[in-house]
Amino acid sequence: MFARLAGLTAAVAATAGYQSMSPTGRWYGPTFARGIRGSKQVALTYDDGPNDPHTLHLLDVLAKNNVRATFFMIGRFVHERPDIALAVAQAGHTVGNHTFNHPLLTFKSAAETRAQLLDCQQALQDAIGDHSNLFRPPFGGRRPATLRVARQLGLQTVMWNVTGYDWNARPAGVIAQRVAGQMRGGDVILLHDGGHRDQGADRAQTVVATENLIHRYLDQGSNFVTIDEMILASRKKQKVERAKARR
Ligand SMILES: [Zn+2]
């Protein structure tokens, strides 16, 4: 009995741990992780920039293909390179909050979380002015207090449902292949234009993989959107469905 109970407790604890990091888990409150399943919308998202020179190379690839993406920036790096942050915003991409120096928020108090979010907001405000209300927690780590603080600050927490596994500079072909294997339509793809430890992380392979993915999905008739556009489309659909249900 005790053994069984212990086993059960361990299973619950493991699930709780998994849920606190799982990009699509909803135990710890609602987050936005993907658009309408099966739709033609695809959202490319890039974390941990701005990062010289790879963020700028990425901007070239996106501009060449007329694709808009979403960038979750680290406040500390924005503070160091406001020029790159501004270039991203001026190119028409959506810019969101990825905390000031990338702590795992699962272990941070509400006050520390609040300071991390506000400091990043301020860095973004100084560099680019008004920007989106989107926030992505570092490592996807969160707990109820994290989401509550974000909500209190008017921020929408954004996760992802497709992982690029590009953080240790895998070859571009591997990154693109991994992504392709997870695509279901209406996907939010997690990639990195920087590295959270320092500026200068090598993201050349992510830039190449991005170009591969854009060509592949444009050929299939996909429509690349920013996260705010994807949220808008999802809300519209929910509204229509609710109206239908009432009839
Ligand atoms: Zn990150």
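Quick caveat: nothing in here was measured; it's all calculated off a predicted structure.

What counts, and where the lines are drawn
Along each chain, numbering runs from 1 in the same order as the chain's sequence is written. Thresholds applied to this predicted model are a pLDDT of at least 70 for local features of residues and 80 or more for the giving and counting of side-chain atom pairs; totals over whole chains, interfaces and linings are not thresholded and use all residues. Convention adopted: a line fitted to C-alpha atoms gives each axis, helices being fitted over their contacting stretch, and angles between N-to-C directions are expressed from 0 to 180 degrees. Strands here are runs of E lasting at least two residues and helices are runs of H or I lasting at least four, both read from the DSSP assignment and numbered beginning at the N terminus. Throughout this description, any angle smaller than 35 degrees is read as roughly parallel, any larger than 145 degrees as roughly antiparallel, any in the 65 to 115 degree range as roughly perpendicular, and the remainder as oblique. Think of it this way: build a C-beta for each residue from its backbone, and any pair within 7 Å is a contact. Classes in brief: Ala, Val, Leu, Ile, Met, Phe, Trp, Tyr, Cys and Pro nonpolar; Asp, Glu, Lys and Arg charged; the others, Gly included, polar. Throughout, a crossing is termed right-handed when the near helix is turned clockwise from the far one, and left-handed when it is turned anticlockwise from it by less than a right angle. Comment: burial labels come from other C-beta atoms within 10 Å of the residue's own C-beta, placed from the backbone, where a count of 20 or more is buried, 12 or fewer is exposed, and between is partly exposed. Pairing between two strands requires that DSSP report at least two bridges joining them. Here, the term right-handed applies to a crossover whose path from the first strand over the helix to the second runs clockwise when the strands point away from the viewer.

Undergrad: An account of the packing of helix α4 (residues 82-90) against helix α5 (residues 110-128) is needed here, citing residue identities and associated values.
TA: Running from N to C, α4 and α5 cross one another at 75 degrees; their axes reach a closest spacing of 9 Å. Considered as vectors, α4 and α5 are oriented roughly perpendicular to each other. Contact residues: α4 offers Pro 82, Ala 85, Leu 86 and Ala 89, while α5 offers Leu 124, Asp 126, Ala 127 and Ile 128. Class assignment for the residues of the contact of α4 with α5 results in seven nonpolar, no polar and one charged.

Undergrad: Which residues make up the packing of α5 against helix α6 (residues 144-152), and what values go with them?
TA: A pair of packed helices is captured by two measures, namely the crossing angle of their axes and the spacing between those axes. With their axes 9 Å apart at the nearest point, α5 and α6 run at an angle of 45 degrees to one another. In terms of orientation, α5 and α6 fall into the oblique class. Handedness of the α5/α6 crossing: right-handed. Where α5 abuts α6, its residues Ala 110, Thr 113, Arg 114 and Leu 117 lie against Ala 145, Thr 146, Val 149 and Ala 150. A class-by-class count of the residues in the contact of α5 with α6 yields five nonpolar, two polar and one charged.

Undergrad: I'd like to hear about the pairing of strand β2 (residues 70-73), residue by residue, with values.
TA: A two-sided burial pattern is seen for β2, the buried positions comprising Thr 70 and Phe 72 on one face and Phe 71 and Met 73 on the other. As defined by bridge partners, strand β1 (residues 41-49) adjoins β2 across four bridges and the pair is classed as parallel. From the neighbouring strand, Gly 49 faces β2, where its bridge partner is Met 73. For the crossover that starts at β1, traverses helix α2 (residues 54-64) and ends in the parallel β2, the hand is right-handed.

Everything listed is a geometric property; what it means functionally is a separate question.
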